[in-house]
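Architecture and fold: a report
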Amino acid sequence: MQIEEHVPLASLTTFGIGGEARYFVRVRTVEGLRESLDFLRPGSGQGAQNKNAPVYILGGGSNTLVPDSGFEGLVIKIEIAGIEIQEERYKKGEDSVSNAKTETEENKTLVVVGAGESWDGLVQYAVEHGLWGLENLSGIPGTVGGAAWGNIGAYGASASQSVAWVEAYDRVQRELVRLDASLCAFGYRDSFFKQRASRYIITRVAFALSRVAQPNLVYKDLALRFATAQQSKITEQKTTSEVEVTIEQETEPTLANIRDAVLAIRREKFPDLAIEGTAGSFFKNPIVSKEVAAALVAKYPHMPTFALPEAAGVKIPLAWLLDQVLQLRGFSVGGARLFEHQPLVLVASRGASSADVRTLASEVQQKVSDAFGIRLEKEVQEMR
Ligand code: EPU
């Protein structure tokens, strides 16, 4: 374990902006994690002057905004590695009575993964090993720990659907705990660990994946790619160039084809991280009561809505409101702007400051509040 001082953080996040960490450490083992936390423990001889300095756990930095002034605490970058197929026939909820389980649930393969592994590296591994469950989540930047922490979701799937258990370091008891998925309180971009971020740090995640083909094409954009099963080609209007182009594509929803299709959709909707920074969706899609949703639909009959199985509310597509009602595509403050192809995605061009991002976010929050009376919640975490 080596604690570094005054470490620039910008290049460790996908936003690519912000200042330095006062203290910084890369952690590859649970022991290293414990030692790093001891650095801030009252009573431990050496270590930081300010024992109450905050700790920020960094994964792939794909959902983190670093302030321009940096972070006056300890940033712990989780680099715990390893992908291991542990059990070919994993039984979900081993301690529960099995007669309630279906055959497919019982024949899952358990893959145990270090929290610091790249999320997309894991998805690629699963696809190459014929394991179903993660393919719709292709191309999402970040780590496995971050994926479970924030329950990432896209294209009709969420990480929690495939999680078997999560192992985390408990900072209070100073030991590892293992929670079955049913105890992880997974919700829309939410988990037990996110709600108790100051206490638990995810170290490993186990996924229950399937060898049986289970294509999930519920998401419209994805379904469209495979809809023309009889045809080998479809013609699409390319929004960027406005020229008619013919895209040849595979139409069988195999693991590799679904991954390719998701990656292709993402290339159209997200900025190229090699050119400018982003953390994807900056806000959560708001969840409102059925009454509020009905009033919005009465006013905007073309607005889609999404029922939520896990909550009483209705999910409202913020991108739709920002685009179709407020016409905020490309809306900018300094070097920060709402992406032209997806206004929920906030991009930071080279030279942007975190203050630009914050000001833009506040202005968007204000406009949405004024127009719809909806209070937006940030999905991106501010380091503080
Ligand atoms: N829309 C517009 N105009 C636009 C873009 C979108 O009207 O310019 C409409 C779409 O037609 C659609 C709706 O807005 O009806 C929602 O858009 P989209 O399907 O692109 O998804 P989203 O709800 O904005 C969510 C996730 C993304 C995820 C996509 C795809 C959240 C906060 N975001 O976005 O996740 O990739 O679905 O599944 O739930 C992230 O969390 O960082 C993230 C990128």
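Turning our eyes to something else, we now look at the sheet that holds strand β17 (residues 306-307). Strand order across the open sheet formed by three strands is β16-β18-β17, with antiparallel pairing between neighbours. Two strands in the sheet have a free side with no partner beyond their single neighbour: β16 (287-288) and β17. In the sheet, β16 pairs with strand β18 (residues 314-315) via two bridges, with the strands oriented antiparallel. Counterpart to Val-288 in the pairing with β18 is Val-314.

What follows concerns the pairing of strand β11 (residues 175-180). Bridge count for strand β10 (residues 163-170) against β11 is six bridges, and the pairing is antiparallel. Counterpart to Val-166 in the pairing with β11 is Leu-179. The loop that links β10 with its antiparallel partner β11 comprises four residues; one of these, Arg-174, has a positive phi angle of about 60 degrees.

Moving on, we come to the sheet that holds strand β3 (residues 55-58). Strands belonging to one sheet form pairs held by backbone hydrogen bonds; the direction of such a pair is parallel or antiparallel. Judged by pairing direction, the sheet is mixed, and its four strands sit side by side in the order β1-β2-β5-β3 without closing on themselves. The sheet is open, and its two edges are formed by β1 (4-8) and β3, each paired on a single side. Direction aside, the axes of adjacent strands within the sheet are offset by 40 degrees on average. Examined bridge by bridge, β3 and strand β5 (residues 71-78) share four bridges and lie parallel to one another. Across the sheet, residue Ile-57 finds its bridge partner in β5, namely Ile-76.

Let us look at the pattern of salt bridges. Taken as a whole and judged by the stated rule, the model has 18 salt bridges. Two residues, Arg-174 and Asp-38, come together in a salt bridge whose shortest N-O distance is 2.8 Å. Residue Arg-174 is located in the loop between β10 and β11, and its partner Asp-38 is located in helix α1 (residues 30-38); the two are separated by 136 residues in the primary sequence. Residue Arg-199 pairs with Asp-170 through a salt bridge whose shortest N-O separation is 2.9 Å. Of this pair, Arg-199 sits in the loop between α5 (192-195) and β12 (200-210) while Asp-170 sits in strand β10, placing them 29 residues apart in sequence. Overall, Asp-170 belongs to the buried group, its relative accessible area being 2%. Connected via shared salt-bridge partners are Arg-26, Arg-28, Lys-77 and Glu-79.

For the rest of this paragraph, the subject is the site of the ligand. For the ligand, the set of nearby residues contains 25 residues, the closest of which are Tyr-155, Tyr-188, Tyr-219, Asp-323 and Gln-342. Arg-189 places a side-chain nitrogen or oxygen 2.9 Å from an oxygen atom of the ligand. One of the side-chain nitrogen or oxygen atoms of Glu-379 is found 2.9 Å away from an oxygen atom of the ligand. Protein burial of the ligand: of its 820 Å² of free accessible surface, 84% is covered by the chains. Secondary structure elements with two or more residues in the shell around the ligand: β8 (153-154), β15 (277-281), α9 (318-325) and β21 (342-348). Tallying contributions element by element places α9 first for the shell around the ligand, with four residues. Looking at the shell around the ligand residue by residue, the class counts come to 13 nonpolar, seven polar and five charged. Three or more residues apiece are contributed to the shell around the ligand by two domains, here domain 2 (83-209) and domain 4 (277-382).

Analysis parameters
- Residues numbered from 1 in each chain as written.
- Predicted model: local features only at pLDDT ≥ 70, side-chain atom pairs only at ≥ 80, totals over all residues.
- Heavy atoms only, no water.
- Pairing = 2+ DSSP bridges.
- Helix = DSSP H or I, 4+ residues; strand = E, 2+ residues; numbered from the N terminus.
- Axes fitted to C-alpha atoms, helices over the stretch in contact; angles between N-to-C directions.
- Salt bridge = Lys/Arg side-chain N within 4 Å of Asp/Glu carboxyl O.
- Buried < 20%, exposed > 50% of the residue type's maximum accessible area, 1.4 Å probe, protein only.
- Near = heavy atom within 4 Å.
- Polar contact = N/O pair within 3.5 Å; in protein donor to acceptor, adjacent residues only side chain to side chain.
- Areas by Shrake-Rupley, 256 points an atom, 1.4 Å probe, with all protein chains shown as cover.
- Nonpolar A, V, L, I, M, F, W, Y, C, P; charged D, E, K, R; others polar.
- Domains from an automatic or database assignment.

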